[in-house]
Amino acid sequence: MVPEANDLLAAELAFGLLDPRDRADAERRVAMEPALAGVYRKWQDYAAALAAGNAEQPPSSLWPSIQARIAANDTVALPTRAALRRWQAGTVVAIVAALGLGALALQRTSPPPASKLAAVTRNAPPLVAVLKGDANRAIVVISFDRSSNHLSTVPTGLRIGDHSAELWVIPKGGKPNTLGLVATDKPDWKPATHAARTLIREGAVLAISVEPIGGSPTGQPTGPVILTGAIEAS
Amino acid sequence: MTWLITLARNRAVDRLRAAGKVMTAPLDYADGLADPTPLASDTAEIADTERRLLDCMATLEGRDADCIKTAFFQGSTYSELAARSSTPVGTMKSRIRRALLKLRECLQ
């Protein structure tokens, strides 16, 4: 292609004269032909100079068309008095609704009254029993968390050989009720049984007896009671 | 500066086209009424390239220079320029190409 034709194509592309298909072709060629790309850059400079040099006066039809659009906006968008009132009334309603919702939200998130709080905290402290009395000076600490209904047992130095350790709760003036077996070599934390929830009270006594593997077959202690402790509020 | 102007111009034109807004109003030829030479105060400030371009644009026939400016500023392509001035596309193309070659000669 002769240089003149390159110049012409570059100028057409730079001034935006080419129709879409021709423009796409020209852009492809600019991307692939360094010589054309160089010429194109030069014409881009000229085209940009057209803008920078402020050579263009806006067409005389521009201002009338802007005016026409402004006028159209005015007649269409200007609300009537009645419409304005409706909007104003709507705004007042919206503000009142927002304030009401805000107050409601504040009430709902505010802390519960002091009396309710006290009731909750009264229930909260766990009950604890420290079970002692063993010849080996073993200790088992048992706590009952009333808010989560979990029973934890922490044995220390509990050695009963080839037997199971069974935990009992003895209400004041009552008979022992089983609370299940207790791990002798590690702490445990498990959901409290129904018996535990109803019978573990301040003043009741917890006891551990030595039973055959698997626990007492009779439902009452069959072996020696080695550890006891009164239940106290922590 | 050039790349910024080119980018802004092309993006603006592309957006208008994508929105289906193509200038169709009849071409608004200055017809020599407006003085194509910029004001003296402007001339002092614009760089060499720009002054040379404006000088050379001024050597073109008024209608041809206007068509080139319309293409650049209003995004009108050959076929749109032809439609807007009720001229056959071929006639419009050869007229503008002659003008571009004259512009090139002047700028060299």
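Now for a quick tour of the structure.

Quick notes on the overall build of chain B
Then, in step 1: Scanning chain B from N- to C-terminus turns up six helices and zero strands.
Then, in step 2: The helix and strand sequence of chain B, counted from the amino end, reads α-α-α-α-α-α.
Then, in step 3: When burial is assessed residue by residue, chain B has 38% of its 108 residues classed as buried.
Then, in step 4: Intrachain contacts of chain B at a sequence separation of at least 6 include 66% that bridge at least 24 residues.

Structural notes on helix 1 (residues 2–18) of chain B
All names here are of chain B.
Then, in step 1: Taking 1.5 Å per residue, 17 residues should reach 24 Å; helix 1 reaches 24 Å between its end C-alpha atoms and fits that length.
Then, in step 2: Within helix 1, the full set of buried residues consists of Ile-5, Thr-6, Arg-9 and Val-13. Projected onto a plane normal to the axis of helix 1, the buried residues spread over an arc of 100 degrees and lie on a single side. Exposed and facing more than 90 degrees away from the buried side of helix 1 are Trp-3, Arg-11, Arg-15 and Ala-18.
Then, in step 3: A positive backbone phi angle near 75 degrees is found at Gly-20, which sits one or two residues after helix 1.

A closer look at the interface of chain A and chain B
Size of an interface: often given as the accessible area lost when the parts come together.
Then, in step 1: Taken together, the contacts link 30 residues of chain A with 33 residues of chain B.
Then, in step 2: Between chain A and chain B, the buried area comes to about 3,100 Å², and carbon and sulfur atoms account for 65% of it.
Then, in step 3: In this assembly, chain A and chain B are joined by five salt bridges.
Then, in step 4: Ionic pairing is found between Glu-4 of chain A and Arg-104 of chain B, a salt bridge with its closest N-O pair at 3.8 Å.
Then, in step 5: Scanning the region where chain A abuts chain B turns up nine residue pairs in polar contact (both at pLDDT 80 or more).
Then, in step 6: Top contributing element to the side of chain A that touches chain B by residue count: helix 3 (residues 34–52) of chain A, with ten residues.

Details of the sheet that holds strand 9 (residues 232–233) of chain A
Then, in step 1: If you walk across this open sheet you meet the five strands as 6-3-2-1-9 (chain A), and the pairing is antiparallel. Each having just a single partner strand, strand 6 (188–191) and strand 9 of chain A make up the two edges of the open sheet.

Quick notes on the side chain of Thr-87 of chain B
All names here are of chain B.
Then, in step 1: With respect to the helices and strands, the residue Thr-87 is situated in the loop between helix 5 (78–84) and helix 6 (89–107).
Then, in step 2: Classification of Thr-87 as buried rests on a relative accessible area of 17%.
Then, in step 3: One polar contact links Thr-87 to Ser-85, side chain to side chain, over a distance of 3.0 Å.
Then, in step 4: When near neighbours in sequence (up to four residues on either side) are disregarded, Thr-87 contacts Ala-82 and Met-92.

Observations concerning the nonpolar core
Then, in step 1: Among the nonpolar cores identified, the biggest contains 41 residues, and Phe-15 and Trp-43 of chain A together with Ile-96, Leu-100 and Leu-103 of chain B are the most heavily contacted of them.
Then, in step 2: For this core, the elements supplying multiple residues, two or more each, are helix 1 (3–15), helix 2 (20–32) and helix 3 of chain A together with helix 3 (48–59), helix 4 (62–74), helix 5 and helix 6 of chain B.
Then, in step 3: Tallying contributions element by element places helix 3 of chain A first for this core, with ten residues.
Then, in step 4: Those residues within four positions of Trp-43 of chain A in sequence are excluded, and the remaining contacts are Asp-7, Ala-10, Ala-11, Ala-14 and Phe-15 of chain A together with Leu-100, Leu-103, Arg-104 and Leu-107 of chain B.
Then, in step 5: The next biggest cluster of nonpolar side chains, apart from the first, holds 25 residues, and it includes Leu-127, Leu-131, Val-140 and Leu-179 of chain A.

Cut-off values and rules
- Residues numbered from 1 in each chain as written.
- Chains lettered and ligands numbered in written order.
- Predicted model: local features only at pLDDT ≥ 70, side-chain atom pairs only at ≥ 80, totals over all residues.
- Heavy atoms only, no water.
- Helix = DSSP H or I, 4+ residues; strand = E, 2+ residues; numbered from the N terminus.
- Buried < 20%, exposed > 50% of the residue type's maximum accessible area, 1.4 Å probe, protein only.
- Contact = heavy atoms within 4.5 Å.
- Expected span 1.5 Å × (residues − 1).
- Arc of directions from axis to C-beta.
- Buried area = accessible area lost by both parts, 1.4 Å probe.
- Salt bridge = Lys/Arg side-chain N within 4 Å of Asp/Glu carboxyl O.
- Polar contact = N/O pair within 3.5 Å; in protein donor to acceptor, adjacent residues only side chain to side chain.
- Pairing = 2+ DSSP bridges.
- Core = buried A, V, L, I, M, F, W, Y, C linked by side-chain atoms within 4.5 Å.

Everything listed here is a matter of coordinates, which is why it stays silent on function.
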